[in-house]
Structures are given as structure tokens and as C-alpha cells.
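# Close look at the chain arrangement
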Amino acid sequence: MKREETVSVVWSGAWVAERLGVGLVGDAELSALLGLALRRNPKRAHLLVSNVLGKHVPQSPSVVYDAGYGLGEQVRKLLGDEEAARAVVLGYAETATGLGHSVADGVALAPYLHSTRRPVDGVEQAGGFEESHSHATSHLLLPEDPALLAGDGPLILVDDEFSTGNTVLNTIRDLHERYPRERYVIVALVDMRSEADRERFERFAEEIGARVDLVALASGTVRLPEGVLEKGQALVAEQEAIATRTASGGAESGTPVASGVVASGEAASAGTGSGMPAGTGSPAHARVELGWPSGVPDGGRHGFTPAHRAAFEAALPGMAERIAEAVGHASRVLVLGFEELMYAPLRLGTALEQALDADVRSSTTTRSPVLAVDDPGYAIRTRLVFPAHDDPADGPGERYAYNVAGAGFDAVVAVVDSAADTPQLHAPDGLLAQLAAHVPHVVVAVVPSYVPQAPDALEATEAAEVPEAPERASMLPEPLRGPAFSSYAPDEVGWLLQDLSEVDLEAPTEEREEAIQSGGAHYAESLPVEYQPSTQYQELFKSALEISAARIARAVGTVTETVIAERSPRPVLVSLARAGTPVGVLMRRWAQHRHGLDLPHYAVSIVRGRGIDANALRWLQQHHDPADVVFVDGWTGKGAITRELADALEEFEGFNPEIAVLADPGGCVRTYGTREDFLIPSACLNSTVSGLISRTVLRADLVGPNDFHGAKFYRELAGSDVSEHFLDTVAARFDEVATAVDAEVKELLAADRAPTWEGWAAVERISEEYGIHDVNLVKPGVGEATRVLLRRVPWKILAKRGAGADLDHVRLLAEQRGVPVEEVDELPYTCVGLIHPQYTRGATGADGKAVSAL
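Now for the packing of helix α9 (residues 306-327) against helix α10 (residues 343-355). Following both chains from N to C, one finds α9 and α10 inclined at 65°, their axes separated by 8 Å at the closest point. Considering the angle they form, α9 stands roughly perpendicular to α10. Viewed along their axes, α9 and α10 form a crossing whose handedness is right-handed. Only Tyr-343, Arg-347, Leu-348, Thr-350, Ala-351, Leu-352 and Ala-355 of α10 make contact with α9, whose side of the interface consists of Phe-312, Glu-313, Leu-316, Met-319, Ala-320, Ile-323 and Ala-324. Taken together, the residues of the contact of α9 with α10 sort by class into 11 nonpolar, 1 polar and 2 charged.

What follows deals with the pattern of salt bridges. Applying the stated criterion to the full structure yields 40 salt bridges. Across the pair Asp-359 and Arg-361 runs a salt bridge, and its minimum N-O distance is 3.0 Å. Of the residues examined, Asp-359 reaches a relative accessible area of 29% and is grouped as partly exposed. Exposure remark for Arg-361: the relative accessible area of 23% places this residue in the partly exposed category. Of the charged contacts in the structure, one is a salt bridge between Glu-744 and Arg-554, with a shortest N-O distance of 2.7 Å. One end of the pair, Glu-744, is in helix α21 (residues 734-750); the other, Arg-554, is in helix α16 (residues 535-566), with 190 residues separating them in the sequence. Through salt bridges with shared partners, a single network forms among Asp-105, Arg-309, Glu-313 and Arg-347.

A sheet is described by the order of its strands in space; here 6 strands give the open sequence β1-β10-β9-β8-β4-β5, paired in mixed fashion. Two strands lie at the open edges of the sheet, namely β1 (23-26) and β5 (112-114), each paired on one side alone. Here the average twist between neighbouring strands, direction ignored, is 30°. For strand β9 (residues 183-191) and strand β10 (residues 211-223), the ladder comprises 8 bridges, and the chain directions are parallel. Within β10, the position partnered with Arg-183 by the bridge is Arg-211. The sheet strands contacting helix α7 (residues 195-208) are β8 (155-162), β9 and β10, and the helix crosses β10 at an angle near 165°.

Among the 6 residues in strand β22 (residues 572-577), 6 count as buried, and that is most of the element. In β22, alternate side chains face the same way, and those of Val-572, Val-574 and Leu-576 on one face and Leu-573, Ser-575 and Ala-577 on the other are all buried. Pairing analysis gives 4 bridges linking β22 to strand β25 (residues 629-635), with the strands arranged parallel. The partner of Ser-575 across the bridge, within β25, is Val-632. In this sheet, strand β23 (residues 601-607) lies alongside β22 in parallel orientation, the contact comprising 5 bridges. Note on β23: the bridge partner recorded for Ser-575 is Ala-603.

Now for the side chain of Glu-353. Among the secondary structure elements, Glu-353 is positioned in helix α10. Buried charge without a salt bridge: Glu-353, with Arg-361 as the nearest opposite-charge side chain at an N-O distance of 6.7 Å. Engagement of the side chain of Glu-353 in a polar contact is seen with the side chain of Ser-60, the distance being 2.7 Å. At 3.0 Å, the side chain of Glu-353 forms a polar contact with the backbone nitrogen of Ser-62. The residues touching Glu-353, leaving out its near neighbours within four places in the chain, are Ser-60, Pro-61, Ser-62 and Val-360.

Next up on the list: the pairing of strand β4 (residues 88-91). Here β4 shows a buried face lined by Val-88 and Leu-90 and a second buried face lined by Val-89 and Gly-91. Two strands pair when backbone bridges link them, and β4 and β8 are joined in this way by 4 bridges, in the parallel orientation. Counterpart to Val-88 in the pairing with β8 is Leu-155. Relative to β5, β4 runs parallel, the two being bridged by 3 bridges. Looking at the pairing, Leu-90 lines up with Leu-113 of β5. Each parallel crossover has a hand, and for β4 linked through helix α5 (residues 97-107) to β5 it is right-handed.

Judged by nonpolar contacts, the single largest core of 132 residues is most densely connected at Leu-38, Leu-149, Ile-156, Val-187, Tyr-378 and Leu-435. Among the elements that make up this core, the one with the highest residue count is α9 (8 residues). Trp-495, Val-632, Ala-785 and Cys-831 belong to the second-largest nonpolar core, a separate cluster that totals 78 residues.

Moving on, we come to the layout of surface pockets. Quantified by volume, the second largest pocket comes out at close to 1400 Å³. Lining the second largest pocket are 46 residues, with Tyr-69, Glu-313, Arg-347, Asp-491 and Asp-598 sitting closest to its centre. Among the secondary structure elements, those contributing two or more residues to the lining of the second largest pocket are α3 (61-79), α5, α9, α10, α17 (580-595) and β23. Looking at which element gives the most residues to the lining of the second largest pocket, the answer is α9, with 9 residues.

What counts, and at which threshold
Residues numbered from 1 in each chain as written. Predicted model: local features only at pLDDT ≥ 70, side-chain atom pairs only at ≥ 80, totals over all residues. Heavy atoms only, no water. Axes fitted to C-alpha atoms, helices over the stretch in contact; angles between N-to-C directions. Helix = DSSP H or I, 4+ residues; strand = E, 2+ residues; numbered from the N terminus. Parallel < 35°, antiparallel > 145°, perpendicular 65-115°, else oblique. Left-handed = near helix turned anticlockwise from the far one by under 90°. Contact = heavy atoms within 4.5 Å. Nonpolar A, V, L, I, M, F, W, Y, C, P; charged D, E, K, R; others polar. Salt bridge = Lys/Arg side-chain N within 4 Å of Asp/Glu carboxyl O. Buried < 20%, exposed > 50% of the residue type's maximum accessible area, 1.4 Å probe, protein only. Pairing = 2+ DSSP bridges. Lys, Arg positive; Asp, Glu negative; His and termini not counted. Polar contact = N/O pair within 3.5 Å; in protein donor to acceptor, adjacent residues only side chain to side chain. Right-handed = clockwise from strand over helix to strand, strands pointing away. Core = buried A, V, L, I, M, F, W, Y, C linked by side-chain atoms within 4.5 Å. 1 Å grid on protein atoms, 1.4 Å probe; cavity = no way out; pocket = protein on both sides within 12 Å on 5 of 7 lines; lining within 4 Å. Points joined across faces, edges and corners; volume = space filled by probe spheres on them.

And the structure:
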């Protein structure tokens with residue numbers, strides 16, 4: 001029977017507080033974060049029950065995940081990216097395995113490991129410690145890679161609550177003796193230490209000579225009156241006696257309690273969830289094949305690297321879609337994890353929230369015995385009891401699922417690992433039968449239990465390789481993300497670049513042009529001084545964006561739908577930084593808006609004459625199937641980058657060299673949004689429309705053989721940044737152009753879209769006609785001509801006769817720089833920018849404006 005839900009302001013710790021005098025003292029957020037319950041535990045009477053952990057209390061998966069992820073972001077900010085990349089995140093079993101993993105996601109740069117109470121044959125123990133107050137005290141550390149904990153970078157320890165600090169002290173004491181380090185960060189949802197505990201912790205940190213920081217959502221203490229342990233035990237015994245009499249039809253209630261529900265107050269709601277009493281047989285249930293990504297661990301028991309994270313994130317939407325199909329039209333769904341398996345069910349829940357129009361909640365079964373009392377002022381309202389089903393090392397025993405019975409769920413997705421998919425799970429008194437007694441629709445999803453490679457097999461594999469080769473890919477860092485690098489949101493794009501923000505790379509445009517044309521420097525070895533647009537130019541940009549937003553949206557939709565139809569149903573978008581990056585972000589937004597796809601998106605560097613960043617390609621090979629990679633750029637000019645990419649990819653197997661672009665006026669590619677040469681407002685500006693990121697840099701003294709190419713993050717230009725404004729303005733027109741996109745894509749898929757290379761032929765002709773004799777100094781198309789005016793020393797602009805508003809910004813820039821605009825006929829582009837062919841400061845004047853004779 002579904003419990004009637006009413007709006008209540010009763011604190012879920014009030015029942016315990018009134019009877020035992022236990023209370024919370026501290027931050028105002030504590031009562032929202034925590035409730036209270038009673039343990040059946042001789043060491044501690046009370047239990048702090050988190051409302052944002054997703055363990056005992058079903059909660060929105062996004063609320064649970066965001067709590068941990070936000071803590072991880074705080075840790076990354078505290079450490080800085082360099083230290084965060086050297087760190088390891090360690091979560092505690094069983095309660096904080098999912099929280100710790102979420103924190104690791106927020107840190108983003110560090111691998112994750114959680115302690116475990118499940119020994120695994122063949123995996124050597126790298127450490128262990130005791131949790132003195134727990135019902136099951138021994139923790140094991142079983143990383144697949146023994147070196148995971150051996151570094152000297154920061155160790156980030158994550159628990160749901162920081163009560164006395166004993167568990168953390170035991171962990172640090174054990175690991176510090178083996179692998180001493182200079183810094184530890186403790187992370188918890190709540191810090192509930194007493195003043196004495198805080199002082200003891202400070203003394204311990206001084207003794208080992210390490211810095212210890214703490215990050216928590218809220219802090220306070222638990223007020224415990226004298227004799228609370230004995231009073232608590234007596235209260236538990238009293239309530240269990242009432243539950244026993246109720247279950248046997250005694251005076252407290254005439255309604256029998258279904259098998260497996262043995263808690264006070266549950267009798268009225270226990271037996272009517274499905275019309276079938278628990279324990280009367282093994283009910284039917286649906287089974288969904290998740291399509292779990294190959295090689296990705298089921299969690300952090302043996303380690304979970306940033307590479308694993310990327311593969312998991314890429315597969316997550318598809319797994320959620322399969323679950324959504326299995327639960328059908330359910331309106332209230334519980335994703336129920338299994339003991340230490342908390343993260344995978346949680347993330348499946350977050351993705352299911354996006355895939356279903358339903359109230360989705362997440363919680364997890366547990367070993368922890370807690371009294372259940374069906375009262376609004378008590379945190380554990382109902383309790384299902386069932387036998388362990390994963391052949392635990394400490395023998396058989398009871399397991400529990402709290403707040404599931406009577407909570408009104410019409411579907412539950414039980415997520416277990418394959419080690420726990422046993423006959424006991426499916427037995428008449430097993431977990432599935434207990435769930436079926438209270439929930440009409442039960443779905444089982446099995447995550448393959450990760451089996452680490454045996455040490456002797458690992459050694460044999462390493463011996464067969466060149467000694468340096470196995471380490472090569474693992475040395476590459478994780479992508480940079482906003483807000484630490486770029487003004488884009490972290491999920492919009494990952495930059496496979498290194499941050500050169502602190503390096504002085506800018507040179508006056510005239511000096512750069514002279515050095516480039518004299519052969520003394522490559523254009524990618526320095527950066528132009530960022531153009532700061534005038535008020536008039538900024539207004540022109542805004543006007544142009546408003547006029548062209550629907551046209552751009554249509555091109556975005558067309559190229560994205562073409563990619564999904566022809567290249568991959570779940571492409572990995574790889575933008576060519578930086579002009580391709582805004583387009584890649586828009587394509588990702590289109591796929592999410594129209595199809596619910598959460599596509600991976602990265603930005604990599606490609607340099608004319610030097611090729612694409614080979615280390616970035618190696619990183620992509622390690623983290624994704626190269627066949628799914630789709631390279632994205634803003635537009636084509638004469639096709640130089642198209643040819644550059646094709647040449648570079650000859651050395652790498654599996655990648656498709658074809659570029660997808662928003663506009664292809666040069667006729668250089670098959671996959672495009674349009675072949676018209678029109679104003680794309682992102683071409684009007686530099687970093688301030690591209691996440692505040694510079695053009696990429698490749699210089700031998702800054703970029704070593706194991707480094708990504710570099711770029712700068714211009715944080716100081718945040719006041720002029722229109723990157724999000726550009727994206728939001730275009731994305732707001734997606735629905736408006738959807739019908740036109742569908743029709744256009746249908747036509748394109750049936751058409752001959754073979755490259756014509758018309759643009760290249762035009763560039764060669766112009767180069768000869770104007771006596772330039774260097775196609776690299778001819779920049780065709782609105783976007784390229786704009787770049788000439790912003791970054792190079794322009795000679796003149798060729799404009800197609802009759803071109804209208806698309807060239808307003810070009811005319812303004814040309815006027816500001818003293819560059820003539822020459823109208824011509826029979827131009828395949830709207831305009832072409834010509835770089836001065838024999839530039840020296842003596843030939844043009846020191847300001848680069850007044851052009852004298854050649």
C-alpha cells in the first residue's frame with residue numbers, strides 16, 4: 001500500500017531526539033542534511049541518516065551526485081590543478097563508495113579507489129584499517145595497480161560523516177607508514193567532530209608532519225546525554241518487541257506483517273505492494289542488458305581512472321535508455337544499488353532522470369542493521385530483510401533495504417554486480433521476492449564484476465612490450481575543463497591542451513607577420529595581441545548574431561543529423577581548436593536537445609604545416625573507439641586544414657579523416673551544414689567568443705614530445721566574454737528550425753556531396769592574378785577574411801559584388817585598419833582576405849595600416 005505523502009515540516013530526527021535527548025548542534029543546514037535513527041549496535045546507539053547520500057533514504061540521483069561532485073570541485077579549487085592531477089581519491093566502504101566516486105568526478109584529474117570488505121582472490125592487499133564504531137570493522141585496500149597509493153601526491157579521503165575522526169586517523173596511520181606524503185584532504189558531507197576530536201586530529205597532523213585540510217557541506221556536533229547508549233539499547237529492544245507482537249497479530253495491530261518486513265509501524269503497509277505476499281514463491285521480474293562498456297570496472301574497488309570515467313560517461317546514456325524501455329510508463333522509479341555497488345546505480349539513476357518523465361530515486365541495500373519506525377519524525381520508516389546473496393567472506397547473514405516498502409514506487413531497478421547475481425538473489429525469500437511484495441514492477445540490471453588482471457599475466461604482458469611503451473599513454477594528462485580552463489561549462493568541452501596562460505606569448509601583429517614571412521618563425525610559435533573590439537564593433541556582432549542565429553541553428557542541426565545518420569549514432573566530437581570548438585559545443589547541444597544524447601566533446605590542436613597533435617590522438621585512442629571520432633571545424637576556406645588532417649591521420653589507425661563543418665563554401669568536405677559562405681558570428685571575434693581560449697601554440701621549448709600543444713586562457717577578458725551568449729542565442733532557435741533541418745538532411749543524404757575543391761581552384765587563380773604567388777596568403781571566405789583583419793597584416797579585401805549585411809563587420813574592420821575593399825565579380829566566396837605578400841614594417845609603415853608600394 002502506498003503511504004500517503006503529505007507536506008510536513010517534521011524533522012526526521014525528532015522521534016529519537018524526543019526519547020533520548022540526542023540532538024544536532026551546528027550549521028543551520030544540518031537538520032536538512034541529516035535525520036536520526038537507532039542502531040542495533042552495542043558500540044553506538046544512534047545513527048546519523050543522510051538525506052543526500054542515497055544509501056538509506058531514497059533521494060533524487062542528481063541531488064546525491066551533485067552533493068559529492070560539488071565537494072570534489074571544492075577540493076580541486078583548494079589543491080589547484082597541478083596538485084589535483086597528482087592526487088588519489090579514497091572512499092570508504094560501504095557507505096561512502098558512491099560519494100567518494102562522485103567526489104573523484106568533481107576533482108576530475110585523479111584516480112579513485114574505495115576500501116572494501118570483499119576479499120578478491122589474486123589481488124594483493126595494499127593496506128587496511130579498522131573502523132572502530134562500525135558493525136563490520138575491517139577495511140581492505142585492493143588496487144589492481146599496487147603503485148596507485150605509492151605516490152607522494154595528496155591523498156583525498158572521503159566519508160559520509162566525519163564523527164570522531166578515528167577511521168580517518170587509522171587510514172592515514174596505516175598508509176603514511178608505507179607511503180608518506182605531505183598533504184591529506186578529508187572530505188565529508190558533514191563534520192560532526194567534538195572539540196576534543198578536532199584537537200586530537202591537529203596533534204596527529206603535527207606528529208606526522210603533513211598538512212591536513214577538511215572540506216564538508218556542513219559542520220556541527222551531536223549532543224549525547226549521559227547514559228544514551230544504554231537508553232538507546234533499551235529503546236531498540238522495546239520497539240522490536242512491539243514489532244514482534246504486531247507481526248504475530250498481537251494487541252498493537254491486527255494486520256499481519258509480510259515476511260521480511262519486521263519493524264514497528266510497518267504492518268499497515270507491508271503486504272499490499274503487488275498483491276503477492278513475500279515469501280510465497282519466486283516472482284517474475286524483467287531483466288535488462290545494460291551494455292556495460294568493455295574494460296570499465298564496476299566501481300572503485302580495484303581503482304577507477306579518469307580513462308575509465310570517460311568510457312563510462314560515453315556509455316551511460318545508452319544504458320539509461322535500455323533501462324527506461326524496461327520500466328515502461330512508471331511514474332515513480334527506484335534505482336536500488338547493492339551494498340558497496342553505489343556509484344554505478346547512482347549514475348544510472350542520474351541518466352534515467354534525463355531519459356524518463358518520472359520521479360526517479362536512488363538508494364542502496366546495506367549490511368547495517370537499523371531499527372525501523374514508521375513515524376514522520378524518524379529517518380528509517382520501513383525495512384526489508386533478506387539473506388546475503390554475494391557469498392560474503394564472513395558467512396551468510398541478513399541484509400536490508402530501507403524506506404522502500406510503502407514509499408509508492410511502481411517500479412524498482414535492482415542493480416547488482418555479477419558476483420551477487422546468485423540463486424540467493426532469486427530465492428523465494430531473496431531480495432527480488434521482497435521487492436516484488438511491495439513494488440508492482442521489478443527490473444534486474446547486472447553490472448559485470450571487474451576481475452583484475454593476475455600479476456603474473458600483467459608481468460608477461462609488460463615483458464612483451466618495449467619497456468617505455470606501456471607508460472607512454474598513461475603519462476598524458478586528462479583534458480582541461482572550465483572553469484579552470486575556459487569559460488565553458490565543464491561538460492561542454494574537454495581541451496586536450498596544456499595551459500600556457502602564465503607564459504608571455506603575445507607579439508605585435510607587425511612583428512609576427514615580418515617574422516613569419518621571412519621564415520624566421522612559424523605562426524603557431526607566438527600569439528597575436530588579442531583584438532579588443534570597439535563599442536561599435538560589439539554592437540555589430542550582436543546585431544549580426546540576432547539576424548543569423550536561425551541560419552546557424554539550421555546549419556548546426558543539418559551537420560549534426562548528418563553525422564549521426566552516416567558516421568556514428570553516438571559520435572565522439574573532436575573539435576579543431578579553436579574555430580571548431582563553438583561549433584562542436586552547438587552540435588553537442590543539438591544532439592542532447594533533439595535526441596537526449598550526451599556526446600563526449602573534446603578540442604585538439606592542428607597546425608598548418610606541423611600536423612595534428614599526435615599526443616591528443618593517442619589520448620583519444622586510449623579512451624574511445626577511433627571509429628566513433630568525428631573531427632569538427634567551423635568552416636572550410638581553401639581546404640588546407642582538411643588536407644593537413646588527412647595527412648596526419650595516415651600514421652594512426654581507425655580514425656576517419658573527414659571533417660564535419662558548419663559551412664563548406666570551398667567544397668572541401670562531404671559533411672556540412674551548408675555550402676553557402678555566410679557570416680558565422682563566432683568568426684567575428686577571437687577568444688571572447690571561444691571560451692576565452694587563445695589560438696593554439698606549438699613551440700619546441702614549451703611543448704615537449706610527451707606534451708599536448710598549448711593555449712592560453714584569457715581570464716582577464718571575462719568582462720567582454722560573449723561565448724555563452726553566442727551558444728545560447730543559437731540554441732534558442734533549435735526548435736524553430738527542426739522541421740527545415742529534417743527536410744534538408746533527407747535531401748543531403750540522397751545527394752552527391754563529393755568535394756568539388758572549387759575553393760582551391762579559386763585561390764590559385766586569385767594568387768596568380770594578384771601577383772601573390774603564395775596560396776597561404778590568400779584567405780577565402782567570410783571567416784578567414786575576418787581572421788586576416790584581426791590577426792594578420794591585411795593587404796586588401798576582395799568582396800563579392802552586391803554582398804550585403806554579411807560583410808558589415810568586415811567593412812568596419814577594414815576601415816579601422818585602413819585596408820581597401822575591392823568589389824569583384826565571379827567570386828565563389830562572399831569575400832577573400834589577402835595578406836600583404838611582401839610585408840616588412842618599412843613597406844607598410846610601423847602601424848601596419850598605410851600600405852606602400854611593393
